[in-house]
Amino acid sequence: GAVVSQHPSWVICKSGTSVKIECRSLDFQATTMFWYRQFPKQSLMLMATSNEGSKATYEQGVEKDKFLINHASLTLSTLTVTSAHPEDSSFYICSARSGTGYSPLHFGNGTRLTVT
Amino acid sequence: AQSVTQLDSQVPVFEEAPVELRCNYSSSVSVYLFWYVQYPNQGLQLLLKYLSGSTLVKGINGFEAEFNKSQTSFHLRKPSVHISDTAEYFCAVSDSGGGADGLTFGKGTHLIIQP
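Notes on the structure in this doc start here. Please read all numbers here as calculations on a predicted model, not as lab measurements.

**Some words on the interface of chain B and chain A**
Counting from both sides, the interface comprises 22 residues of chain B and, opposite them, 23 residues of chain A. Note on chain B versus chain A: buried area summed over both sides is about 1600 Å², and carbon and sulfur give 58% of it. Run the count over chain B and chain A and you get 0 salt bridges. The interface formed by chain B and chain A holds 5 residue pairs in polar contact (both at pLDDT 80 or more) in total. Listed by contribution, the elements that provide at least two residues to the side of chain B that touches chain A are β5 (31-38), β6 (44-50) and β10 (87-95) of chain B. Of the residues forming the side of chain B that touches chain A, the biggest block, 4 residues, is contributed by β5 of chain B.

Structural data, given as structure tokens:
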């Protein structure tokens, strides 16, 4: 089946530093990738949608200058949390889709970010 | 705009008992409906999906769900649960417009299996 690899699975960083999270589709070409954020015991909130080769579309309230998304190829998207603060600590999950709206999403295993 | 409501944040069930996790949605257009399962500190795994056709959808791990358009519901069921079914379950909706749209998730239901 379709596999999405997300790396790292967890990261601890100091306040003010930047952290990059990678999301790769291993056995299919992901025309669209999505980044979600999940707070403890809550649902997934869509942060942004990215299509290969174009700028990401951010959801309302998500700071595009803080959460930089680059969808460099059909198999790789990255999320960079810039100048991280403790309130950015969360569980970030990426997902990928190879087709249109009715194609199921394939999820990575998530990245636990802790900012100290 | 579309939304998903999972009425129960937590459902405790005894092992080998049946379970139903409720999901209601609202949308101004036709929808595609999904159930995902999330184990601790992991991503989401697709259990089943409704795209069209038969309203009774069978998924993995013995789960099934029934799409009811008149009641705008997509409840998840399993006739006999196992300890390994303990997890967070998310109902999600995507509109049928196609294109690069993400899913709208419900808040999740924590299924707790008691021995």
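**Regarding the state of the cysteines**
A full pass over the atoms with the stated rule returns 2 disulfides over all chains. Covalently, Cys23 of chain A is tied to Cys94 of chain A through a disulfide, its sulfur atoms 2.0 Å apart. Disulfide Cys23 of chain A to Cys94 of chain A: torsion about the S-S bond roughly 80°, handedness right-handed. Here Cys94 of chain A lies in strand β9 (residues 90-97) and Cys23 of chain A lies in strand β3 (residues 19-25), a separation of 71 residues in the sequence. In terms of burial, Cys23 of chain A and Cys94 of chain A fall into one category: buried. Linked covalently through their sulfurs, Cys23 of chain B and Cys91 of chain B form a disulfide whose S-S length is 2.0 Å. Handedness of the Cys23 of chain B-Cys91 of chain B disulfide follows from its S-S torsion of about -65°: it is left-handed.

Definitions and limits used
Residues numbered from 1 in each chain as written. Chains lettered and ligands numbered in written order. Predicted model: local features only at pLDDT ≥ 70, side-chain atom pairs only at ≥ 80, totals over all residues. Heavy atoms only, no water. Contact = heavy atoms within 4.5 Å. Buried area = accessible area lost by both parts, 1.4 Å probe. Salt bridge = Lys/Arg side-chain N within 4 Å of Asp/Glu carboxyl O. Polar contact = N/O pair within 3.5 Å; in protein donor to acceptor, adjacent residues only side chain to side chain. Helix = DSSP H or I, 4+ residues; strand = E, 2+ residues; numbered from the N terminus. Disulfide = S-S within 2.5 Å. Buried < 20%, exposed > 50% of the residue type's maximum accessible area, 1.4 Å probe, protein only.

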